There are 2 protein chains.
Amino acid sequence: MPDLSPPPTLDDIKAAAMRIAPFAHRTPLVESKMLNERVGGRLLLKCENLQCTGSFKFRGAYNRISQLSSEELARGIVASSSGNHAQGVAAAAGLCGAKATIVMPHDAPAIKVDNTRALGADIVVYNRDTDNRDEAAARVVDELGGVFVHPYEHPHIIAGQGTSALEVVQELQKTGDNLDAYLVCCSGGGLTAGSAIVMSELMPGADIYGVEPVDFDDTGRSLVAGKRMSNPATTGSICDALLVEIPGEFTYSINSRLLKGALSVSDDEVREAVAYAFRTLKLVVEPGGAVTLAACLAGKIDCKDKIIGMTLSGGNIDPALFSDIISTR
Amino acid sequence: MPDLSPPPTLDDIKAAAMRIAPFAHRTPLVESKMLNERVGGRLLLKCENLQCTGSFKFRGAYNRISQLSSEELARGIVASSSGNHAQGVAAAAGLCGAKATIVMPHDAPAIKVDNTRALGADIVVYNRDTDNRDEAAARVVDELGGVFVHPYEHPHIIAGQGTSALEVVQELQKTGDNLDAYLVCCSGGGLTAGSAIVMSELMPGADIYGVEPVDFDDTGRSLVAGKRMSNPATTGSICDALLVEIPGEFTYSINSRLLKGALSVSDDEVREAVAYAFRTLKLVVEPGGAVTLAACLAGKIDCKDKIIGMTLSGGNIDPALFSDIISTR
């Protein structure tokens, strides 16, 4: 499954930016003086929650699918996702005239299932507790003969996700500001790898960190161990977008080289960040998209007198959970 | 009370922009391809919900208060507001080293009261049903001897609010796009007047509309009648930020000259817009800040093949109301 071709280059990411430009949003880099005061430094928030389909995933999906041959597009696309990659693939496939079939876990947030269906995809549900995700996806590929679009193990996906960090750098070049650190919401590692390639070349003074939920800190433990480590569980955090089993082989080969380290945050710290984004920033951020902000609010990284960039990677959260979080803080 | 000096000029608004630049956010102009598809045109959303203190009001408050003399600042600031002007004044007074006392109605949203207090202001509550707002404010001014900062009837306030539209024009100049219409959330008329001065000079092809809640469409009825008309009630809409009694004399003298007309939306249409902003745009918008979006979603203005700019003027909404809205749509 993993594609161990060479990692995408900065030029590949610049080409991806050209490719997605007519269809993706150039998302704003938001700064809040109240947030800066609270942490004692400057935080720059790359709002991928405002991206098409509500997360950064559209970038990679479109960059990958738009480079398929017409023969491949005619076979249709198959993807496996709890929701954000699903929506990105469904939207990108629609733009490229391909049919998309998405394998989703039974406990995916309703808003993600509904939006994926609304974007024209067929949905196949598997039980996360009793069935294996990859096997479920393989069955669908066998049956339909479609092209499997992996959420992170492909250079075109990683290059597409990297366009987000490229836009951050372009904004900073206007003001001449340099980042001390760049934080990325990290699961399989595609956004992290793409961002790390950009930042390590164009913003070499910035330390790059993946941020993960506690107990799903596979990238963090892998970096310490020097080899890929898996998580003990596949459920048990509100960060539904970040529940990967183990870092990708391809993405980890990039991230192990370029990351300074990884940070982890508890569900409680994530809830506080989601509530803070509602109350003070006026942004809707899903739990998995708020881990970077949570790390700063919870003091997991020293922000004092620093300039720290970060992705808010998505905003697809069910109304019931959002209501629960904002009402109890 | 009204200051019938000449209206602010475009140069006054440009000077205000310089004055507020170090302290205000340059808010993003957001576009959503999904929203564009839904209305059949291009909608450009000026996100004043992301402004300092969660609404555009900081712009005018800082432009006004920063031009007071040190003697006036020493006397302190008094303002009357249901919440957004209150927070803007509290923040601006704090930056200028002045004490702020805010007269607020008993039914102001808790989030607005709490934030105003957190910004260091004293709060005096009056009963909106039994007491007159202006008289309550006059009593506080008499007692404290402070400078009254009216929410809209002053050229410095109007010039400050106009900086939001100036930023919109500056963004459009980068792309060469021209607006067919510009929609402004309208109550006393300060943001509307400031925006209209900018747009009528720099974007002369754009029709400028105020947007109001049904039953609080005083500006709309005034424009039709050719004179200032008051509203039958002062309570009864979820748009707490837009419950003015009658258009300002000063603001109306500007708006009656420059507005193409006014649109009005029901509470139900506003709730749908707040829910849409949550679900699809991933933005937290308060009811009074969502009337412009509501007008487009409800078909109150023809968006087909048009480019329409608008303010989302604030995002200060209580969690309980927000939860109620997003859970029932």
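Analysis parameters
What you see as residue numbers is a count from 1 along each chain, following the sequence as written. For naming, the first written chain is A and the first written ligand is 1, with later ones following in the order written. With pLDDT at 70 or above as the cut-off, local features in this predicted model cover only qualifying residues; side-chain atom pairs require 80 or more to be listed or tallied, and sums for whole chains, interfaces and linings still use all residues. Note that water and hydrogens are dropped before the side-chain values are worked out from all heavy atoms of the structure. Under the DSSP-based scheme used, a helix requires at least four consecutive residues in state H or I and a strand at least two consecutive residues in state E, with every element numbered from the N terminus. Our radius of gyration looks at C-alpha atoms and nothing else; its globule reference is 2.2 Å times the residue count to the power 0.38. Residue-level accessible areas treat just the shown protein chains as cover; the underlying method is Shrake-Rupley with a 1.4 Å probe. When charges are counted, neither His nor the chain ends are considered; positive counts come from Lys and Arg and negative counts from Asp and Glu. Note that the charge is assigned to NZ on lysines, CZ on arginines, CG on aspartates and CD on glutamates. Strands qualify as paired when DSSP identifies two bridges or more between them. Contacts were defined at the residue level, with two residues in contact if any of their heavy atoms lie within 4.5 Å. Note on method: axes are straight lines fitted to C-alpha atoms, helices fitted across the in-contact stretch only, with angles between N-to-C directions ranging 0 to 180 degrees. Residues belong to one nonpolar core when they are buried, are Ala, Val, Leu, Ile, Met, Phe, Trp, Tyr or Cys, and are joined through side-chain atoms within 4.5 Å. Relative accessible area decides the class of each residue, using a 1.4 Å probe on protein chains only: under 20% of the type maximum gives buried, over 50% gives exposed, and in between gives partly exposed. Superposition of the copies used a least-squares fit over C-alpha atoms from residues whose pLDDT is at least 70 in both. As used in this structure description, the phrase polar contact means that two N or O atoms lie within 3.5 Å; if the pair is within protein, one of them must be able to donate a hydrogen and the other to accept it, and residues adjacent in sequence are counted only when both atoms belong to side chains. By convention, a stacked pair of Phe, Tyr or Trp rings (six-membered ring in the case of Trp) has centres within 6.5 Å and planes under 30 degrees apart, an edge-to-face pair has planes over 60 apart, and any other such pair is tilted. Note that domain bounds follow an automatic or database assignment of domains. Buried area is understood as the total, over both parts, of accessible area removed when two parts are fitted together, assessed with a 1.4 Å probe. When a carboxyl oxygen of Asp or Glu lies within 4 Å of a side-chain nitrogen of Lys or Arg, that pair is called a salt bridge. Any two cysteine sulfur atoms lying within 2.5 Å of each other are counted as a disulfide. Expected helix span is given by 1.5 Å per residue-to-residue step, counting one fewer step than there are residues. Each residue is assigned to one of three groups, with Ala, Val, Leu, Ile, Met, Phe, Trp, Tyr, Cys and Pro labelled nonpolar, Asp, Glu, Lys and Arg labelled charged, and all others, Gly among them, labelled polar.

Tallying secondary structure elements over chain A gives 14 helices and ten strands in all. Taking 20 Å as the expected radius of gyration for a compact globule of 329 residues, we find that chain A reaches 18 Å, a close match to that expectation. Each principal axis of the C-alpha atoms in chain A carries an extent, and together these give about 55 × 45 × 40 Å. Surface summary for chain A: the accessible area is close to 11,600 Å², and the carbon and sulfur share equals 49%. Counting 30 positive and 40 negative side-chain charges, chain A places the centres of these two groups 4 Å from one another.

Time to look at the sheet that holds strand β5 (residues 122–126) of chain B. Residues and elements named next belong to chain B. Taken in spatial order, the four strands of this open sheet run β5-β4-β3-β6, and their pairing is parallel. Both edges of this open sheet fall to β5 and β6 (147–148), since each of them pairs with a single strand only. Its contacts with the sheet place helix α5 (residues 84–95) against β3 (77–80) and β4 (100–105), and it is angled at close to 175 degrees to β4. Strands in contact with helix α7 (residues 133–144) are β3, β4, β5 and β6; relative to β3, the strand with the most contacts, it is inclined by about 170 degrees.

Bringing the nonpolar core into the picture now. In summary, soluble globular proteins display a tendency toward joint burial of nonpolar side chains. Counting residues in each nonpolar core, the largest one holds 88 residues, and the members touching the most others are Phe322(A) and Phe322(B). When neighbours within four sequence positions are excluded, Phe322(A) is seen to be in contact with Val274(A), Phe278(A), Val284(A), Val285(A), Ile317(A), Phe278(B), Phe322(B) and Ile326(B).

Rotating chain A by 180 degrees and moving it 0.0 Å along the rotation axis overlays it on chain B with an RMSD of 0.0 Å. The transformation relating the two chain copies, once decomposed into turn and shift, fits a two-fold axis. A high fraction, 96%, of the interface residues of chain A reappear at the interface in chain B, so the copies pair face to face through one surface.

The next subject is the side chain of His25(A). With respect to the element layout, His25(A) can be found in the loop between α1 (10–20) and β1 (29–30). Within polar-contact distance, the side chain of His25(A) engages the backbone oxygen of Leu50(A) at 3.1 Å. With residues up to four places along the chain from it excluded, the contact list for His25(A) reads Leu50(A), Gln51(A), Cys52(A), Arg59(A), Glu167(A), Glu31(B), Ser32(B) and Lys33(B).

Turning to the packing of aromatic side chains, a few remarks are in order. Under the defined criterion, the tally for this structure stands at nine aromatic pairs over all chains. Each ring, one from Phe278(A) and one from Phe322(A), has its centre 5.9 Å from the other, and the planes form 85 degrees; the classification is edge-to-face. Of this pair, Phe278(A) sits in helix α12 (residues 267–281) while Phe322(A) sits in helix α14 (residues 319–327); the two residues are 44 residues apart in sequence, bridging distant segments of the chain. Here Phe278(A) matches Phe322(A) in class, with each residue buried. Both rings, one in Phe278(A) and one in Phe322(B), keep their centres 5.2 Å apart while their planes meet at 45 degrees; by these two values the pair is tilted. One end of the pair, Phe278(A), is in helix α12; the other, Phe322(B), is in helix α14 (residues 319–327), on a second chain.

Residues and elements named next belong to chain A. Annotation of chain A at the domain level lists domain 1 (10–56 + 154–328) and domain 2 (58–148). Distance from the C-alpha centre of domain 1 to the C-alpha centre of domain 2: 23 Å. Each partner contributes to the roughly 2,300 Å² buried at the junction of domain 1 and domain 2, and carbon and sulfur atoms together form 53% of this total. Together, Arg19, Thr53 and His156 form the three largest contributors to the area buried by domain 1 at its contact with domain 2, with a combined 24%. Applying the counting rule to domain 1 against domain 2 returns four salt bridges. For arginine 59, the salt bridge identified is with glutamate 167, shortest N-O distance 3.0 Å. The interface formed by domain 1 and domain 2 contains 16 residue pairs in polar contact (both at pLDDT 80 or more). The set of elements that each furnish at least two residues to the side of domain 1 that touches domain 2 consists of α1 and α8 (155–175). If one sorts the elements of the side of domain 1 that touches domain 2 by residue count, α8 sits on top with eight residues.

Attention now goes to the state of the cysteines. Covalent bonding between the sulfur atoms of two cysteines defines a disulfide. Residues and elements named next belong to chain A. Summed over all chains, the structure comprises zero disulfides over all chains. We note that cysteine 52 lacks a disulfide partner, and the nearest cysteine sulfur, in cysteine 96, lies 13 Å from it. No disulfide involves cysteine 296; its nearest neighbouring cysteine sulfur is the one of cysteine 303, lying 4.0 Å away. On the basis of relative accessible area, cysteine 296 is assigned to the buried category, the value being 4%.

This paragraph deals with helix α12 (residues 267–281) of chain B. A rise of 1.5 Å per residue sets the reference length of α12(B), with its 15 residues, at 21 Å; its end C-alpha atoms lie 20 Å apart and thus fit the reference within 8%. Residues Val270(B), Arg271(B), Ala273(B), Val274(B), Ala275(B), Tyr276(B), Ala277(B), Phe278(B) and Leu281(B) constitute the buried set of α12(B). Of the surrounding secondary structure, the elements contacted by the buried residues of α12(B) are α14 of chain A together with α2 (33–39), β2 (42–47), β9 (261–265), α13 (291–297) and α14 of chain B.

With that settled, consider the interface of chain A and chain B. When the parts of a complex come together, some accessible area is lost, and that lost area is often taken as the interface size. Each partner contributes residues to the interface: chain A has 28 residues there, and chain B has 27 residues. Here chain A meets chain B over a buried area of about 2,200 Å², counting both sides, of which 68% is carbon and sulfur. The largest share of the area that chain A buries against chain B comes from Lys33(A), Phe278(A) and Lys282(A), three residues that together contribute 30% of it. Seen at the junction of chain A and chain B, the total is zero salt bridges. For the pair chain A and chain B, the number of links is 15 residue pairs in polar contact (both at pLDDT 80 or more). Only α12 and α14 of chain A provide two or more residues apiece to the side of chain A that touches chain B. Sorting elements by how many residues they give to the side of chain A that touches chain B places α14(A) first, with five residues. Of the residues assigned to the side of chain A that touches chain B, the class counts are 16 nonpolar, eight polar and four charged.

Residues and elements named next belong to chain A. Within this structure, the stated rule accounts for 38 salt bridges over all chains. Across the salt bridge formed by arginine 26 and glutamate 171, the nearest N and O atoms sit 3.5 Å from each other. Of this pair, arginine 26 sits in the loop between α1 and β1 while glutamate 171 sits in helix α8, and the two are 145 residues apart along the sequence. For arginine 26, a relative accessible area of 48% puts it in the partly exposed group. Judged by relative accessible area, glutamate 171 falls into the partly exposed class, the value being 27%. Each of Lys46, Glu48, Arg59 and Glu167 takes part in one network of salt bridges that share partners.

Moving on, we come to the pairing of β9(B). Residues and elements named next belong to chain B. A one-sided burial pattern is seen for β9, the buried positions being Gly261, Leu263 and Val265 and the unburied ones Ala262 and Ser264. Where strand β8 (residues 207–213) lies against β9, five bridges are found, and the strand directions are parallel. When the bridges of β9 are listed, glycine 210 appears paired with alanine 262.

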